Amino acid sequence: MSHDWRDYVVTIDDQGLSTLASAAALAIESLKRPSGPRSNLTPTELHELVWSMEICPETGQELATVLRELGQTVWSHAVVPSDTATVAHLHPPTLVPGVVTELAVAASNQSMDSWDQAPSATEVELHLMQWLALLVGFLDDGSGVMTSGGTASNLLGLTLARSSAAKKIDVDVLKTGLPAQASGWRILCSDQAHFSVQRAAAQLGLGRDAVLAVASEPRGTMSIDALDETLEKISHEGLTPIALVGTAGTTDLGVVDPLKDIGERAARYGAWFHVDAAVAGAFLLSDQLRPRLSGIELADSVTIDFHKLWWQPFNASALVLRDGGLFDLLRVTSRYLDRGDELEGMVNLVGRSLDTSRRFDAAKVVATLATLGRRSMASMLEYLVDLTTFAGAAIDAHPALELVAPPASVMCVFRVKGASDDELRAIQQRLLARGEMVLGRTTIRGRAALKFTFMNPLATRDDVEQLIAVVVKEIGV
Ligand SMILES: Cc1ncc(COP(=O)(O)O)c(C=O)c1O
């Protein structure tokens, strides 16, 4: 490839696209690496290697050289989500339609803030969001917006919850800030909910202490008795539950809170009902798994992460509302972007989002769903839930291991019998250091535990047995 900067400006014409295709082939080539979930470089070696790269030389190099260097320096030492020994997090391998569409998204570079920067893309996002809202069980008024992740979707959902609470007392919180009554506002979620709920409360000026963690049952689902007790207690104290948050697929145990019961309480107390379905939202695609999310249709807002069990490259998440009209609670008109005088049918999505410029992430989701279809997506999920059940049974049957709770989705949380928290930490860290396994480790009810998270639908029962054998060997049983 030539070394003239003009050749590096992406143009959507024959010449530009052929340049892009050759460069894409080189980038793909640079991903080739030795097998294994990660290399065994130490953090210091990795630091030295990466920091040896010159960030901005006075004169540039051939793209082929740069991509080769990235391959050797970065990709060779990256974690490999498609390796069957990468089982720590909700960190999936990706699907070809989503990945190649990312290239098209970057090359076409639509910006989702305004219709005049993304006319067809805006319609695609709205179309996908309405489909998702219907899938959740919202009726015709449902709609949503894409965000960068579950954390951002939860923040957006709770931002709307806060605006809605303020509106009930005739306060425009986005304009005048928090009213005095806000010191009594509370958000209730289970003690297993994701930390992004607390983070959202902090960012919304309510403070992390405004989040009340309702006790969970031994399996990890929110205890409805505890919820009722908390609601009664705070009502007596004159506090206002502005939002109840149910989790559909907790981060560690993968369980779904009793959404119907929580939704009923939210309606009774006039609170916003937000469901964090970042993890298990994909169950909506499966006839077999969908009933586990019963009650999700009662929500006011739902978080769904496409970059988890929909196997999309980061970033891809959505916040869907039962009543898309409520996005008006957020809308800020701007002189140059969302002027309010657009032609009929021109929607500026900036009015729904906490971002201004925003990627066209909907495209890769649409390409994936159209290529695989609902049935394949559902089969992949059902297979993984099945594989996790198999892993749970194998762990349960092993004399040296014990399950913390029966697997509920794609996570298997376990301990080594008799091992201390420090010993479990050492096992996980040694396997990571040697580049043998990216194993999960968490804390459940104050005690350390190890975790397999199965995100790879190509993993087999043999792979699971191999993972267990590696852990068992590591503890020297
Ligand atoms: C239940 C739940 N909600 C929200 C999040 C945050 O998602 P993200 O990492 O996409 O911001 C996670 C992340 O694992 C999660 O497990």
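Everything below is about the structure shown above.
Here we summarise the structure given alongside this text. (Residues numbered from 1 in each chain as written. Predicted model: local features only at pLDDT ≥ 70, side-chain atom pairs only at ≥ 80, totals over all residues.)

For the protein, the count of helices and strands is 13 helices and 11 strands. Rg of the C-alpha trace for the protein: 24 Å, near the compact-globule value of 23 Å for 477 residues, within the 12% margin. C-alpha atoms of the protein, sized along the principal axes, occupy 65 × 65 × 40 Å. Restricting the contact set of the protein to residue pairs at least 6 apart, pairs at least 24 apart contribute 71%. (Helix = DSSP H or I, 4+ residues; strand = E, 2+ residues; numbered from the N terminus. Rg over C-alpha atoms; globule rule 2.2 N^0.38 Å. Contact = placed C-beta atoms within 7 Å.)

The next point concerns helix α4 (residues 96-108). The first and last C-alpha atoms of α4 sit 18 Å apart over 13 residues, in line with the 18 Å expected at 1.5 Å per residue. By the burial criterion, the buried members of α4 are P97, G98, T101, E102 and V105. Seen end-on, α4 carries its buried residues on one side only, within an arc spanning 140°. More than 90 degrees from the buried face of α4, the exposed residues found are V96 and A106. Positive backbone phi, approximately 50°, marks N109, located one or two places after α4. (Expected span 1.5 Å × (residues − 1). Buried ≥ 20, exposed ≤ 12 C-beta atoms within 10 Å, placed from the backbone. Arc of directions from axis to C-beta.)

Right, let's get into the site of the ligand. Taken together, the neighbourhood of the ligand is formed by 16 residues, with G149, G150, T151, H194 and T251 sitting nearest. It is helix α6 (residues 150-168) that provides the largest number of residues to the shell around the ligand, a total of 3 residues. (Near = placed C-beta within 6 Å.)

To continue, consider unusual backbone geometry. The step from F314 to N315 runs through a cis peptide bond, and the omega angle for that step is 0°. With respect to the helices and strands, N315 occurs in the loop between β6 (301-305) and β7 (317-321). Even without being a glycine, D170 presents a positive backbone phi close to 60°. Relative to the helices and strands, D170 is located in the loop between α6 and α7 (173-176). The phi angle at R445 is positive, at roughly 45°, despite the residue not being glycine.

Time to look at the pairing of strand β11 (residues 447-453). Most of β11 is tucked away: 5 of the 7 residues are buried. When strand β9 (residues 411-416) meets β11, the two strands line up antiparallel, connected through 4 bridges. Its bridge partner being in β11, M411 is matched across the sheet by T453. With 5 bridges joining them, strand β10 (residues 440-444) and β11 adopt antiparallel strand pairing. (Pairing = 2+ DSSP bridges.)

So, about the sheet that holds strand β4 (residues 240-247). Taken in spatial order, the 7 strands make up an open sheet running β1-β7-β6-β5-β4-β2-β3, and their pairing is mixed. Here the strands that pair on one side only, and so sit at the sheet edges, are β1 (143-147) and β3 (211-214). The average angle at which neighbouring strand axes cross in this sheet is 20°, direction not considered. Sheet topology places strand β5 (residues 272-276) next to β6; 3 bridges connect them, and they run parallel. Each residue of the ladder has a partner; that of V275, found in β6, is V302. Docked against the sheet, helix α9 (residues 224-236) engages β2 (185-190), β3 and β4, running at close to 145° with respect to β3. (Axes fitted to C-alpha atoms, helices over the stretch in contact; angles between N-to-C directions.)

Purely geometric numbers; function is a separate question.
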